[in-house]
Amino acid sequence: GAPAAAIAQGQEAPAPAQSEQPAPVMEVTEGQIDRFVSAYQAIQTIQQSVQAELVAAVEAEGLTVDDYNAIAESQQSPETAAEVPADQAEQFAAAAAQVATLREGAREEMQAAIVAEELTVEEFEQILAQAQQDPALQQAIVERLNNEG
């Protein structure tokens, strides 16, 4: 799996794999937009709560988030990984295991939030991808998000 780097930067919604050709444009109904917005808001809430849990898990192991992210980055190359002190490497390993568990739980919660709105994860991701290329769809989503607030 991907390294647990950059927990402090926040997480994105499950992103579709980037392919060379644009995704086929699907007709997005008003009902789908409403369900997408509800799922999106639920996902934001999950991400915010897991963010706090991730920070707490890292700090419980005696590391700051900055230390954690620096060590995670250093793990990318053998030369810099060797520079991490043994005690910090142990703290990092323990924190990383907790981070992985929390992230997996959050991912499952996010998928459940999408399914609860009668969308598939694929449909959610398609709408998300399409909104990035379709200003009218993006506007419809943003308006609903602003009205909900």
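Residues numbered from 1 in each chain as written. Predicted model: local features only at pLDDT ≥ 70, side-chain atom pairs only at ≥ 80, totals over all residues. Heavy atoms only, no water.

A. Expanded view of the overall build of the protein. Secondary structure assignment for the protein yields six helices and zero strands. When the elements of the protein are put in sequence order from the N terminus, they spell out α-α-α-α-α-α. Within the span of the protein, comprising 149 residues, buried residues form 32% of the whole. Entry remark: accessible area of the protein is about 8,900 Å², with carbon and sulfur atoms responsible for 51%. (Helix = DSSP H or I, 4+ residues; strand = E, 2+ residues; numbered from the N terminus. Buried < 20%, exposed > 50% of the residue type's maximum accessible area, 1.4 Å probe, protein only. Areas by Shrake-Rupley, 256 points an atom, 1.4 Å probe, with all protein chains shown as cover.)

B. Region of the structure containing the environment of Glu117. Within the element layout of this structure, Glu117 appears in the loop between helix H4 (86-116) and helix H5 (121-133). The exposure class of Glu117 is partly exposed, given its relative accessible area of 24%. Expressed as a C-alpha distance, the spacing of Glu117 and Phe36, which sit 81 residues apart in the sequence, is 7.4 Å. Those residues in contact with Glu117 that lie beyond four places of it in its chain are Arg35, Ser38 and Ala39. (Contact = heavy atoms within 4.5 Å.)

C. Geometry of the nonpolar core. Core analysis: the largest hydrophobic core is formed by 33 residues, its most contacted members being Phe36, Tyr68, Phe124, Ile127 and Ile141. Only helix H1 (30-60), helix H2 (65-74), H4, H5 and helix H6 (135-148) provide two or more residues apiece to this core. For this core, the element with the highest residue contribution is H1, accounting for nine residues. Ignoring anything within four residues of it in the chain, the contact list for Ile127 reads Met26, Val28, Gln32, Phe36, Leu119, Leu137 and Ile141. (Core = buried A, V, L, I, M, F, W, Y, C linked by side-chain atoms within 4.5 Å.)

D. Up close: the packing of H1 against H5. Direction vectors running N to C along H1 and H5 enclose 95°, while the axes themselves pass 11 Å from each other. By the angle between their directions, the pair H1 and H5 is classed as roughly perpendicular. Between H1 and H5, the residues in contact are Gln32, Phe36, Ala39, Tyr40 and Ile43 and Glu123, Phe124, Ile127 and Leu128, respectively. Within the contact of H1 with H5, the residues separate by chemical class into seven nonpolar, one polar and one charged. (Axes fitted to C-alpha atoms, helices over the stretch in contact; angles between N-to-C directions. Parallel < 35°, antiparallel > 145°, perpendicular 65-115°, else oblique. Nonpolar A, V, L, I, M, F, W, Y, C, P; charged D, E, K, R; others polar.)

E. Region of interest: H1. Counted at 1.5 Å a residue, the expected span for H1 with its 31 residues is 45 Å, and the 45 Å between its end C-alpha atoms agrees. Two residues or fewer past H1, Gly62 is found with a positive phi of approximately 85°. (Expected span 1.5 Å × (residues − 1).)

F. Looking closely at H5. Taking 1.5 Å per residue, 13 residues should reach 18 Å; H5 reaches 19 Å between its end C-alpha atoms and fits that length. Within the span of H5, buried status applies to Val121, Phe124, Glu125, Ile127, Leu128, Ala129, Gln130 and Ala131.

G. Inspection of the side chain of Gln32 at higher detail. For Gln32, the location among the structural elements is in helix H1. When residues no more than four places from it in sequence are discounted, the contact partners of Gln32 are Met26, Glu27, Leu119, Glu123 and Ile127.

H. Looking closely at the environment of Ala97. With respect to the helices and strands, the residue Ala97 is situated in helix H4. Sequence separation of Ala97 and Val58 is 39 residues, and the distance between their C-alpha atoms is 10.0 Å.

I. How the structure looks around the pattern of salt bridges. The final tally for this structure, using the stated rule, is three salt bridges. Among the salt bridges present, the one from Arg144 reaches Asp34, with a minimum N-O distance of 2.5 Å. Here Arg144 is found in helix H6, whereas its partner Asp34 is found in helix H1, with 110 residues between them in sequence. Since its relative accessible area comes to 41%, Asp34 is described here as partly exposed. Note that Arg107 is salt-bridged to Glu104, the shortest N-O span being 2.8 Å. Of the two residues, Arg107 and Glu104 both sit in helix H4, three residues apart, roughly one turn of that helix. According to the relative accessible area criterion, Glu104 is partly exposed, its value standing at 32%. By sharing partners, the salt bridges in this structure join Glu30, Asp34 and Arg144 into a single network. (Salt bridge = Lys/Arg side-chain N within 4 Å of Asp/Glu carboxyl O.)

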